[in-house]
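Take a look at the letters that make up each chain.
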Amino acid sequence: MVSKARGGFRKAGRLAGASIFVVPVRDLCVILGDQLGRRSPLLERASRSEDMLWMAEAAEESTHVPSHKARTALFLSAMRHHAGWLRKSGWKLDYRRLDEKDNCGSLGGELRAAIRRWRPRRVVAVEAGEWRIERMFNKVCREEGVEIVWLSDPHFFASREEFRRHAGGRKQLRMEYFYRELRRRHGILMDGGEPCGGRWNFDAENREHFPPQGPGLVPPPVSFAPDAETEEVFRLVEKRFPRNPGSLAGFDWPVTPEQAQAALNDFIERRLERFGQYQDAMWAGEPVLYHSRLSAAMNLKLLEARDVVAAAEAAWREGRAPLAAVEGFIRQILGWREYVRGVYWLWMPEYGEWNELNAHAPLPRFYWTGETEMRCLREVIGQTLRTGYAHHIQRLMVTGLFALLAGVAPRQVHEWYLAIYVDAVEWVELPNVLGMSQFADGGRMASKPYAATGKYIARMSNYCRGCRYDPAHRTGERACPFTVLYWDFLMRQEDRLRRVPRMEMQLRNLARIEPAERRSVRKKAQEILREVC
Ligand code: FAD
Ligand code: SF4
């Protein structure tokens, strides 16, 4: 490769397998694996004749945490499909495959090589989904003497700056206030200046459990059979990451925008109606229930969040779904999803290190195998290893809850979640894990720890039926580990939790337990922790 001045014409040896040609490069436009939108701001401002698009597969992204095979396969397959579409649309694309001999294995190393190959005037990228990547790219560009320009990501309803302004001067952040602000600003589910139906929140009508006979026939989500491109990715993943967790056997995720749109249509038509009512319910052998299974498609930008929200609102306005279900669903996206992104960028990089409950136990080994006698954990982890998916309450009130009660180090919990779910990208995973589920930020994001006994799981699922433990017992042979560890957690954290107003009732209940019973609980908890951690 012979290069002329930066931004000038040069002879390049290789472009997506093509032979030698001459090409002028103005901007090297970075497309990351979670930026596969066809309406990307990068494409809107780039020039087909002057700029070079760049995409790279990097082994490090599957090994810095041991990524579930389905997560790696989803990213690689969706990236390769996007690359095919870009080429067909006439873009110049430098695409680095994982299996190319000289692929150095890291995104930073590959970017450096691309800068040396193309000598662009600038590197242009849309804001990354991970602080680590932005730091890495800034460093590479600084060292190579090239300017890097970060574009704001219009996929989100609020920019990082808008959230910063919302947070500025507030003593305490709460999702609800930000959600209302966004609904007003974007006119979503609004009737003039008022929320549709006269209320911001329909939680009281939502969150039921199933009757004892179970959920009955739930419409299964639409499934996408792997095509030849995806099959090739499977072979690569098995070859390169044989020891990574998870299975590819049931992989049926959407990997193109067309498939993602079909998944959205399927959810709106067949499951949205009951989303709110059963959003917190769990049932063995029913991983999806009335959930949308759209998080991965949205996080990779195969689907625009705005389109998802608009489709849900239209379903209500056209009388196809009740307001309580639609508001509950929109709240997850316009509320929680935007809020966690805001707090991630507000508090990183310190956020990743917070450990306000001083938790240091190792993550139990069964998180990687599902081999435990606790049926709830066996079901949820087993399903996660098979599919890379669990719905919110399974993540928060089964796997997350156990780690919280057992005092597992938040960093280890975070690394597990980042590795194991197909939709895991750090901006959304980390605040959910460290903030919402582990209370490692001491309540900066959520108003109280999500701590509960096994009775919560018994109420919301059928997991406890057929489990060798009993959620009502906190001592004795059949004592449920969740119940034992819950009381032990309150005892261990009593002083800290006194400062959390919403924990008052739980601490009052703790005060009713006699000292002898407390000692038995403590002893049992230590036994359990010794056994599992
Ligand atoms: P649905 O229940 O159908 O909800 C609709 C959409 O709302 C989701 O697709 C998602 O985009 C959004 N949403 C719902 N809850 C949240 C939330 N708490 N934060 C942000 N967005 C939300 N979500 C991820 O996308 N990636 C993660 O890595 C991730 N890790 C999590 C870890 C923990 C400990 C917890 C408690 C939650 C995590 N979530 C994560 C949030 C939520 O569990 C998933 O978005 C949801 O389960 C995905 O399934 P679904 O698409 O069927 O969601
Ligand atoms: Fe889980 Fe306890 Fe219920 Fe068993 S009894 S399924 S361990 S909550």
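Structure: above.
Reading guide: rules and limits
Residues numbered from 1 in each chain as written. Chains lettered and ligands numbered in written order. Predicted model: local features only at pLDDT ≥ 70, side-chain atom pairs only at ≥ 80, totals over all residues. Heavy atoms only, no water. Near = heavy atom within 4 Å. Polar contact = N/O pair within 3.5 Å; in protein donor to acceptor, adjacent residues only side chain to side chain. Areas by Shrake-Rupley, 256 points an atom, 1.4 Å probe, with all protein chains shown as cover. Nonpolar A, V, L, I, M, F, W, Y, C, P; charged D, E, K, R; others polar. Axes fitted to C-alpha atoms, helices over the stretch in contact; angles between N-to-C directions. Helix = DSSP H or I, 4+ residues; strand = E, 2+ residues; numbered from the N terminus. Parallel < 35°, antiparallel > 145°, perpendicular 65-115°, else oblique. Left-handed = near helix turned anticlockwise from the far one by under 90°. Contact = heavy atoms within 4.5 Å. Buried < 20%, exposed > 50% of the residue type's maximum accessible area, 1.4 Å probe, protein only. Pairing = 2+ DSSP bridges. Right-handed = clockwise from strand over helix to strand, strands pointing away. Phe/Tyr/Trp six-rings, centres within 6.5 Å; stacked < 30°, edge-to-face > 60°. Lys NZ or Arg CZ within 6 Å of the ring centre and 35° of its normal. 1 Å grid on protein atoms, 1.4 Å probe; cavity = no way out; pocket = protein on both sides within 12 Å on 5 of 7 lines; lining within 4 Å. Points joined across faces, edges and corners; volume = space filled by probe spheres on them.

Participant: Help me understand the site of ligand 1 in this model?
Facilitator: Close to ligand 1 lie 29 residues; His291, Ser292, Arg293, Asn299 and Tyr389 are nearest. Within the side chain of Ser292, a nitrogen or oxygen atom sits 2.7 Å from an oxygen atom of ligand 1. For ligand 1, a nitrogen atom lies 2.9 Å from a polar atom in the side chain of Asn432. Here ligand 1 has 810 Å² of accessible area as a free molecule, and 99% of this is covered by the chains.

Participant: Is there a simple way to think about the site of ligand 2 in this case?
Facilitator: With respect to spatial proximity, the complete set of residues near ligand 2 consists of Met374, Cys376, Gly454, Ile457, Tyr463, Cys464, Cys467, Tyr469, Pro471, Cys480 and Phe482. Partitioned by chemical class, the residues of the shell around ligand 2 number ten nonpolar, one polar and no charged.

Participant: It is not clear to me how the packing of helix H11 (residues 305–317) against helix H12 (residues 323–347) should be interpreted in this structure. Could you clarify?
Facilitator: The geometry of a pair of packed helices is captured by two quantities: the angle between their axes and the separation between those axes. Contact pair H11 / H12: the axes reach a minimum separation of 9 Å and the direction vectors enclose 165°. Relative to H12, the element H11 is oriented roughly antiparallel. For the pair H11 and H12, the sense of crossing is left-handed. On H12, the residues touching Ala305, Val308, Val309, Ala312, Glu313 and Trp316 of H11 are Leu323, Val326, Phe329, Ile330, Ile333 and Arg337. Of the residues contributing to the contact of H11 with H12, the split by class is ten nonpolar, no polar and two charged.

Participant: Would you explain the side chain of Asp423 in this entry?
Facilitator: One can find Asp423 in the loop between helix H15 (410–420) and helix H16 (426–437). Judged by relative accessible area, which is 8%, Asp423 ranks as buried. In terms of polar contacts, Asp423 uses its side chain to reach the side chain of Ser295, at 2.7 Å. Apart from residues lying up to four places away in sequence, Asp423 is in contact with Ser295, Ala296, Asn299, Arg395 and Val428.

Participant: How should the environment of Glu426 be read in this particular structure?
Facilitator: Here Glu426 is to be found in helix H16. Residue class for Glu426 comes out buried when judged on its relative accessible area of 7%. A C-alpha to C-alpha distance of 6.4 Å links Glu426 and Gly129, two positions 297 residues apart in sequence. Setting aside chain neighbours within four positions, we find Glu426 in contact with Gly129, Glu130, Trp131, Tyr344, Met348, His414, Leu418 and Pro431.

Participant: Any chance you could explain unusual backbone geometry here in plain terms?
Facilitator: For residues other than glycine, phi is negative in most cases, and the peptide bonds are mostly trans. With an omega dihedral of 5°, the bond running from Met348 to Pro349 counts as a cis peptide bond. Along the chain, the position of Pro349 falls in the loop between H12 and helix H13 (375–387). Even without glycine at this site, Arg119 takes up a positive phi of about 45°. With respect to the secondary-structure elements, Arg119 resides in the loop between helix H4 (107–118) and strand E6 (122–126). In this structure Arg119 comes out as partly exposed when scored by relative accessible area, which is 27%. Even without a glycine there, the phi angle at Leu189 is positive, about 50°.

Participant: Before we go on, may I ask you to explain the pairing of strand E7 (residues 147–151) in this structure?
Facilitator: As a general feature of sheets, a regular strand has side chains that alternate between the two faces. The sheet contact formed by E6 and E7 spans five bridges and is parallel. Bridge assignment links Val124 to a residue of E7, and that residue is Val149. You can see the chain leave E6, run along helix H5 (residues 131–144) and come back into E7, and the turn it takes is right-handed.

Participant: Would you take a moment to explain the pairing of strand E4 (residues 52–56) for this structure?
Facilitator: In terms of residue burial, E4 counts as a mostly covered element, since five of its five residues are buried. Both strand E3 (residues 27–30) and E4 contribute to a ladder of three bridges, which runs parallel. For Leu28, the partnering residue across the bridge sits in E4 and is Met52. Bridging between E4 and strand E5 (residues 93–96) involves four bridges; their strand directions are parallel. Among the inter-strand pairings, Trp54 is bridged to a residue of E5, identified as Asp94.

Participant: Looking at this structure, I do not really get the packing of aromatic side chains. What am I missing?
Facilitator: Counting across every chain of the model gives 26 aromatic pairs. Geometrically, the ring pair formed by Phe267 and Phe275 is edge-to-face, given 6.2 Å between the ring centres and 90° between the ring planes. As far as burial versus exposure is concerned, Phe267 and Phe275 are alike and both buried. Positioned over the ring face of Phe157 is Arg306, at 4.9 Å from the centre of the ring.

Participant: What is the right way to look at empty space enclosed by the protein in this model?
Facilitator: Gaps between atoms show up when a probe of the same size as a water molecule is rolled over them. Scanning the entire structure with this criterion turns up seven cavities of 30 Å³ or more. Space inside the largest cavity adds up to approximately 390 Å³. What lines the largest cavity is a set of 27 residues, among which Gly33, Asp34, Glu61, Phe75 and Leu107 lie closest to the centre. Going through the elements one at a time, E4, helix H2 (60–63), helix H3 (69–88) and H5 are the ones with two or more residues in the lining of the largest cavity. Broken down by element, the lining of the largest cavity gets its largest block of residues, five residues, from H3. For the lining of the largest cavity, the per-class residue count stands at 15 nonpolar, five polar and seven charged.

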